[in-house]
Amino acid sequence: MMRKYILLLVIGLITIHIQAQLGGRNTYQFLNLTSSPRQAALGGKNVTGYDYDPTTALYNPASINTEMDRKLAVNYVNYIADVNYGSVAYGRSFGEKKRMFQAGITYINYGKFDGFDEFGNSTGTFSGGEVALSVGYATRIPNTNIHIGANAKLISSKLEEFTSFGGAIDIGAIYHNPDSKLDIGLAIRNIGTQFTPYQDTRESLPLEIDAGISQTLKEVPIRWNVTFENLQVWDVAFSNSARDITDLEGNVERDDPSFFNNVLRHTIFGVEAFPEGGFSIRLGYNFRRSEELRIVDQRSFAGLSGGVAIKLGKFRFSYSYARYNAAASSSFFGLNLNL
């Protein structure tokens, strides 16, 4: 039992760092990780992608489209220490009507841990990992520019000798206007349950609701996007006692995030230069990450992320850089292959 509690504490600390203070409330937190270099570079979330990249369907299934046909995406993140995670996605059309489907795998490997019993005796090493298999489908509502889609996911988790299985669905919608190059998206992710809990108590899944808008400028090869994340929880700001200010007379001014500060913590900005070219530059800014990792009286670039993509024939290589915790930064690597 003691080994279970130690492992769950370690996993909880990891997910809290990854997902900031919203982490640790649910099981299967890895489902909301950012494992795509493109997503990471644009601030961590983007539900309005409607192009060749099948990875975008892992975040909003309504984005599944014919440009993804026979496209394979493989993404990898070396997070911190022995923890690594990533995703694989593939799009394929079937039948005369070119009905598009997408299949994906999302995984995380927590590495190895030293085990001890309640008396402090070594019990050897153990590991932990989780994986989700998904299949998605999308279609356009007739006579409109609105596309709707859904993902079905099977989830497996193993933490030492404790295992759990679950299932979930994602649903999404995108308004895609090819003339104005305007996209408006909405995604509701991880609606599901544990089929088999780790022990006796079933835990809730990390439900997340995100919305966004993006557009490619007509005269300039730049695509901007704004994403509003975690809409299922309004109050994501919290008071941080480390930021309290004490004057010379001993009066304490408590840290109290304003209404506007809370709104910003739901907001992510991203921009992509030459999005359809052979070389792309991507930048993003995540306000919540910036605030939660900000150090008082020190310059911090925690909310800033960036990356590049290079297309060589049928290959497209992507790299992104972002900081998700105070200890270290993370590098994201991705490969898109046209089969």
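Before any of the text, the structure's been laid out above.
Keep in mind the model is a prediction, meaning the values are calculated, not measured.

Participant: Explain unusual backbone geometry to me, and be specific about the residues and the numbers.
Facilitator: With the exception of glycine, the majority of residues adopt a negative phi angle, and the majority of peptide bonds are in the trans configuration. Non-glycine residue Y28 carries a positive phi angle of around 55°. Examined against the element boundaries, Y28 turns out to sit in the loop between α1 (2-19) and α2 (37-41). For Y28, a relative accessible area of 1% puts it in the buried group. Here the phi dihedral of N230 falls at roughly 50°; this positive angle occurs in a residue that is not glycine.

Participant: An account of the pairing of strand β4 (residues 122-140) is requested, with residue identities and associated values reported.
Facilitator: Taken residue by residue, a regular strand's side chains alternate between the two faces of the sheet. By the bridge criterion, 14 bridges tie strand β3 (residues 99-116) to β4 in an arrangement that is antiparallel. Its bridge partner lying in β4, Y107 is registered against V131. The loop that links β3 with its antiparallel partner β4 comprises five residues; one of these, G120, has a positive phi angle of about 85°. Where β4 meets strand β5 (residues 146-159), 13 bridges bridge the pair, whose relative direction is antiparallel. Following the sheet pairing, V131 is matched in β5 by S156.

Participant: Quick rundown of the pairing of strand β6 (residues 162-177)? Include the residues and the values.
Facilitator: Two elements, β5 and β6, share 14 bridges in a ladder whose sense is antiparallel. When the bridges of β6 are listed, H147 appears paired with I174. Counting the residues between successive antiparallel strands, the hairpin from β5 to β6 contains two residues, one of them, E160, with a positive phi of roughly 60°. In the sheet, β6 pairs with strand β7 (residues 182-196) via twelve bridges, with the strands oriented antiparallel.

Definitions and limits used
Residues numbered from 1 in each chain as written. Predicted model: local features only at pLDDT ≥ 70, side-chain atom pairs only at ≥ 80, totals over all residues. Heavy atoms only, no water. Helix = DSSP H or I, 4+ residues; strand = E, 2+ residues; numbered from the N terminus. Buried < 20%, exposed > 50% of the residue type's maximum accessible area, 1.4 Å probe, protein only. Pairing = 2+ DSSP bridges.

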